[in-house]
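As a plain string of letters, each chain reads:
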Amino acid sequence: MTKQKEEFMREAIRLSIEKMEAGFGGPFGAVVVRNGEIIARGYNNVLATNDPTAHAEVDAIRKACQALGTYQLTDCDLYTSCEPCPMCLGAIYWARPRKVYYANTKADAARIDFDDQFIYEELEKDMSKRSIPMEQLLREEALEGFKAWEIKVNRTQY
Ligand SMILES: [Zn+2]
């Protein structure tokens, strides 16, 4: 069992190196596993796609959900070559896999200048003290969308 877990992690690590060397982005890879089988392979694709959200975990989650035809990764495990950043951690909670395995730590990532500590710090701050300003506009109008959702027939609750 442990051997199999290591094989899955090795695949995530292999992707992190192969795709980085091919110029896709930073050295990060991830795989999603279900019933002892890899159902999706993800890797950092930020540079190749000019997409700052194209992290390995998000990529793997998107591909896994597409493969399974669902928005939930129930009964799936995620293997990632590095401890997830706050964005990916959020995506992981939305996707709800059973368990996450990681290899490198966020401290290891910080040492090669992939430092996400500032985002953790921003989350702790009062909104008015964050480095990217946020301003509220048109709440009453926006609430119309929420009211429409509440009364929508046949809505899928998730
Ligand atoms: Zn991330």
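These notes cover the structure that comes with them. Note that the structure is predicted; figures quoted are calculated from it, not measured. (Residues numbered from 1 in each chain as written. Predicted model: local features only at pLDDT ≥ 70, side-chain atom pairs only at ≥ 80, totals over all residues. Heavy atoms only, no water.)

Glancing now at the pairing of strand 3 (residues 76-82). By the criterion of burial, strand 3 is predominantly enclosed, with seven of the seven residues buried. Looking at chain direction, strand 1 (residues 29-34) and strand 3 are connected through five bridges and run antiparallel. Looking at strand 3, one finds that Arg 34 is bridged to Cys 76. Pairing between strand 3 and strand 4 (residues 99-104): five bridges, direction parallel. (Buried < 20%, exposed > 50% of the residue type's maximum accessible area, 1.4 Å probe, protein only. Helix = DSSP H or I, 4+ residues; strand = E, 2+ residues; numbered from the N terminus. Pairing = 2+ DSSP bridges.)

What follows concerns the pattern of salt bridges. As a working rule, side chains carrying opposite charge can pair if their charged atoms are close by. Counted under the stated rule, the structure contains eleven salt bridges. Between Arg 10 and Glu 7 there is a salt bridge; the shortest N-O distance is 3.0 Å. In this pair, Arg 10 and Glu 7 are both assigned in helix 1 (residues 2-21), three residues apart and thus about one turn of the helix distant. Between Asp 77 and Arg 98 there is a salt bridge, with the nearest N and O atoms lying 2.8 Å from each other. In this pair, Asp 77 sits in strand 3 while Arg 98 sits in the loop between helix 4 (86-95) and strand 4, placing the two residues 21 residues apart along the sequence. For Arg 98, a relative accessible area of 58% gives the class exposed. Via salt bridges that share partners, Glu 11, Arg 14, Glu 18, Lys 19 and Arg 41 belong to a single interconnected network. (Salt bridge = Lys/Arg side-chain N within 4 Å of Asp/Glu carboxyl O.)

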